[in-house]
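Each chain is listed here by its residues.
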Amino acid sequence: MTERYGGTAFTNGYEFAQGGGYTLPEYPFRAPPELGSGHPGHAPVVIVGGGISGLTLACALAAYGVPAVLLDEDNTVGVKGASSRGICYTQKSLEIFQRLGIYEKIAAKGTQWSVGRTFAGDDEVYSFDLRAQSGYNLSAQPPFINIQQFYIEAFLVDRIGELGHVDLRWCSRVTGFHQDDSGAMLDVKTPAGDYQLRCAHVIDATGSHSPFREWAGATLTSKRGDDRWCIADVRFTKHPPVERHTWVEAPFNENRAVWQHLMADDVWRIDYQMAPDADPAYVSREDVVRERLARQFGDDVEVEIVWVGPYAYRSECIDRMRHGRVFFMGDAAKIVSPFGARGGNTGIADADNLAWKLAAALQGRAPEALLDSYHDERHEAAQQNVMVTNRTARFLRPATPAEQLLRTAALSLARQHEFARGLVNTGRMAVANPYTRSPVCESATGGLSVQNVEFQWADGSTGGVTDLLLWAGGDLLVLLFGEAAPADLRRLRALGETAPVRCVQVLRPGERAGATEHVRDARGHLEGACHLDGGAWALVRPDAYVAATGARVDAALVHAIGRALGAALLQEEAA
């Protein structure tokens with residue numbers, strides 16, 4: 001037994017932030033059955049890594065009823081001795097967590113915010129309120145909730161335990177990997193001995209130091225910068241405003257950038273940009289941090305330091321997100337600088353995208369070729385997020401005289417002119433990435449996210465898109481808008497009997513229902529959420545993305561269903 005695999009105690013409280021650090025829950029190691037049998041085990045899916053993307057995938061598979069094993073080399077969520085890591089979770093992520101059954105816990109524990117203010121020196125350059133923007137204000141979930149990442153991970157662990165189907169194996173380190181046409185084999189090291197585990201699909205959610213990249217022969221596009229930061233997670237006696245405050249040039253931080261956010265447990269995350277040659281040990285010393293806080297909040301500030309740590313970042317993107325039996329997700333697939341909350345949120349979206357496709361393929365609703373679309377869609381999203389965050393990084397630390405000149409001009413103009421405020425780049429807030437290159441979405445109308453808007457069920461009670469997706473149970477969802485001819489309703493009933501789709505009629509006030517399964521949308525929000533402009537139907541995937549829309553219930557709908565399930569990819573494979 002290695003020292004790392006010492007005994008663990010099981011605790012499960014939800015006040016992890018203490019003075020002087022974070023106290024994380026610990027989960028017990030249980031010897032797997034393979035150690036007793038002496039034979040390799042088998043699972044349809046093995047997820048390696050119990051971070052936020054791996055646990056999201058495990059929870060989603062459990063919700064779809066897909067058996068899986070998750071292996072994590074530690075015995076806790078988060079990272080022992082490390083910071084709270086990700087803190088800012090987007091509306092799309094919150095909608096995903098609503099489907100997984102943990103949103104209410106996140107909302108109760110975290111802090112909602114929608115107002116952001118950006119400063120340059122002592123001047124407020126501009127502000128925004130996301131609730132007033134059409135891209136955010138229709139969903140039942142707020143634009144953002146701030147909460148320490150390990151809380152969400154702990155909620156996911158609990159939810160997986162409730163759902164079943166997924167075997168969480170702690171203190172289980174993968175030390176070897178081999179794949180062939182028939183499957184993949186993993187070598188697993190535990191405190192009680194070593195064993196092997198065979199599976200059809202391996203999900204690499206091990207993070208930025210993934211061993212699977214080398215094992216699978218994956219290649220990367222990478223860039224390392226010289227920007228340095230120091231995080232201070234603190235509690236205040238007197239609270240600052242519950243808003244996102246950003247300084248591009250903070251006079252109290254040598255005119256370098258500063259971020260200020262409130263998280264759960266009344267803990268504030270403050271990120272200070274440091275000099276490129278800053279000594280990590282020095283800038284994170286408690287007395288130096290307290291000096292920095294006093295410069296920002298005044299000499300009389302009273303703070304309790306929860307955690308302090310320096311960090312630097314790099315950006316990289318794997319060139320292919322599927323290598324044979326291995327799917328890369330989260331930080332194993334791409335690393336982005338922490339601007340605009342595009343790190344952990346994209347890992348959550350990776351998991352949501354892959355989960356329904358794995359479920360459809362393993363449960364016989366779609367060919368395995370559908371799984372190839374995971375790379376097409378999520379690699380495009382990864383490239384978009386790397387590009388956007390790299391632009392922010394260059395604005396915050398200009399690399400050339402021309403970039404410095406642009407920043408100076410943008411800040412000067414933005415103080416007085418609204419048109420220039422869009423040039424001030426302190427992080428473009430994460431959104432649900434569109435899929436413009438997807439082989440399983442119609443190019444003209446598909447590939448856009450559907451917000452969790454509300455409507456009325458037939459009995460007058462309130463429902464939402466999330467409820468429809470849960471009702472569909474992993475099948476595609478056909479929404480038929482308006483009154484329909486009897487022939488169209490017969491075609492839809494036939495589709496529901498022969499294909500993995502569920503059909504619902506969406507009616508405005510005064511329209512007559514022709515289908516038993518119908519809802520009413522008085523304000524047309526559901527139609528707008530599906531990006532439908534005068535069409536008759538929208539085909540919505542289990543991950544709340546539009547696969548296609550159409551004007552008539554005809555062969556185009558049948559084609560769109562086949563395409564969304566990977567039939568076109570299967571034909572390409574055969575050719």
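To keep things clear, this report deals only with the structure shown in the data block. None of these values were measured; they are calculated from a predicted model.

1. A word on the environment of L370
Part 1 of the reasoning: Within the fold, L370 resides in the loop between α9 (344–362) and α10 (373–396).
Part 2 of the reasoning: Judged by its relative accessible area of 0%, L370 falls in the buried class.
Part 3 of the reasoning: Separated by 38 residues in the primary sequence, L370 and T408 have C-alpha atoms spaced 48 Å apart.

2. Topic: helix α11 (residues 401–414)
Part 1 of the reasoning: Taking 1.5 Å of rise per residue, the 14 residues of α11 would be expected to cover 20 Å, and the 20 Å separating its terminal C-alpha atoms lies within 8% of that figure.
Part 2 of the reasoning: Residues R407, A410, L411 and A414 constitute the buried set of α11. When α11 is viewed along its axis, its buried side chains cluster within an angular range of 95° and face the same direction. Turned more than 90 degrees off the buried face of α11, the exposed positions are P401, A402 and L405.
Part 3 of the reasoning: Buried residues in α11 make contact with β7 (115–120), β8 (123–129), β15 (244–250) and α10.

3. Observations concerning the sheet that holds strand β27 (residues 537–540)
Part 1 of the reasoning: One open sheet accounts for seven strands, arranged β23-β22-β26-β25-β24-β27-β28; its pairing is mixed. Unpaired on one side and paired on the other, β23 (462–464) and β28 (546–550) mark the two borders of the sheet. Ignoring which end each strand starts from, the neighbouring axes of this sheet average 35° apart.
Part 2 of the reasoning: Where β27 lies against β28, four bridges are found, and the strand directions are antiparallel. Bridged to L539 within β28 is A548.

4. Observations concerning the sheet that holds strand β5 (residues 88–90)
Part 1 of the reasoning: Reading across the sheet, the three strands line up as β5-β9-β6 and stay open at both edges, with antiparallel pairing between neighbours. A strand with exactly one partner marks an edge of an open sheet, and here the two such strands are β5 and β6 (111–113). Recorded for the sheet is a direction-independent mean angle of 30° between the axes of neighbouring strands.
Part 2 of the reasoning: Where β6 meets strand β9 (residues 144–146), three bridges bridge the pair, whose relative direction is antiparallel. Its bridge partner being in β9, Q112 is matched across the sheet by I145.
Part 3 of the reasoning: Of the strands in this sheet, β5 and β9 are in contact with helix α3 (residues 91–100), which crosses β5 at around 75°.

5. A few points about the pattern of salt bridges
Part 1 of the reasoning: Enumeration according to the criterion identifies 30 salt bridges in this entry.
Part 2 of the reasoning: For R235, the salt bridge identified is with E304, shortest N-O distance 3.5 Å. Taken together, the residues R235 in strand β14 (residues 220–236) and E304 in strand β18 (residues 303–318) connect sequence positions 69 residues apart.
Part 3 of the reasoning: Overall, R235 belongs to the buried group, its relative accessible area being 19%.
Part 4 of the reasoning: The exposure class assigned to E304 is partly exposed, which follows from its relative accessible area of 32%.
Part 5 of the reasoning: The shortest N-O distance in the salt bridge between R552 and D554 comes to 3.5 Å.
Part 6 of the reasoning: A relative accessible area of 57% places R552 in the exposed class.
Part 7 of the reasoning: Here the salt bridges share partners, and the residues they tie into one network are K357, E377, R541 and D543.

6. Regarding the environment of A420
Part 1 of the reasoning: Its place among the elements puts A420 in the loop between α11 and β22 (454–457).
Part 2 of the reasoning: For A420, a relative accessible area of 0% translates into the label buried.
Part 3 of the reasoning: When residues no more than four places from it in sequence are discounted, the contact partners of A420 are A410, L413 and A414.

7. Here we look at unusual backbone geometry
A negative phi holds for most residues other than glycine; trans holds for most peptide bonds.
Part 1 of the reasoning: Phi is positive for H165, close to 75°, though the residue is something other than glycine.
Part 2 of the reasoning: Position of H165 among the secondary structure elements: in the loop between α5 (149–163) and β10 (166–169).
Part 3 of the reasoning: Residue H165 is classed as partly exposed on the basis of its relative accessible area, which comes to 47%.

8. Focus: the pairing of β27
Part 1 of the reasoning: Where burial is concerned, the two faces of β27 agree: the one with W537 and L539 and the one with A538 and V540 are both buried.
Part 2 of the reasoning: Bridge count for strand β24 (residues 476–481) against β27 is four bridges, and the pairing is antiparallel. Across the sheet, L479 pairs through a bridge with A538, a residue of β27.
Part 3 of the reasoning: The turn linking β27 back onto β28 is made up of five residues, and A544 within it adopts a positive phi angle of 60°.

9. Quick notes on the packing of α3 against α9
Part 1 of the reasoning: Across the interface, α3 lies against α9 with an axial gap of 9 Å and an inter-helix angle of 45°. Relative to α9, α3 is oriented oblique. By crossing handedness, the relation of α3 to α9 is classed as left-handed. Here α3 contributes S93, I96, F97 and R99 to the contact with α9, which in turn contributes N345, I348, A349 and D352.
Part 2 of the reasoning: Grouping the amino acids of the contact of α3 with α9 by side-chain chemistry returns four nonpolar, two polar and two charged.

Cut-offs and rules
- Residues numbered from 1 in each chain as written.
- Predicted model: local features only at pLDDT ≥ 70, side-chain atom pairs only at ≥ 80, totals over all residues.
- Heavy atoms only, no water.
- Helix = DSSP H or I, 4+ residues; strand = E, 2+ residues; numbered from the N terminus.
- Buried < 20%, exposed > 50% of the residue type's maximum accessible area, 1.4 Å probe, protein only.
- Expected span 1.5 Å × (residues − 1).
- Arc of directions from axis to C-beta.
- Contact = heavy atoms within 4.5 Å.
- Pairing = 2+ DSSP bridges.
- Axes fitted to C-alpha atoms, helices over the stretch in contact; angles between N-to-C directions.
- Salt bridge = Lys/Arg side-chain N within 4 Å of Asp/Glu carboxyl O.
- Parallel < 35°, antiparallel > 145°, perpendicular 65-115°, else oblique.
- Left-handed = near helix turned anticlockwise from the far one by under 90°.
- Nonpolar A, V, L, I, M, F, W, Y, C, P; charged D, E, K, R; others polar.

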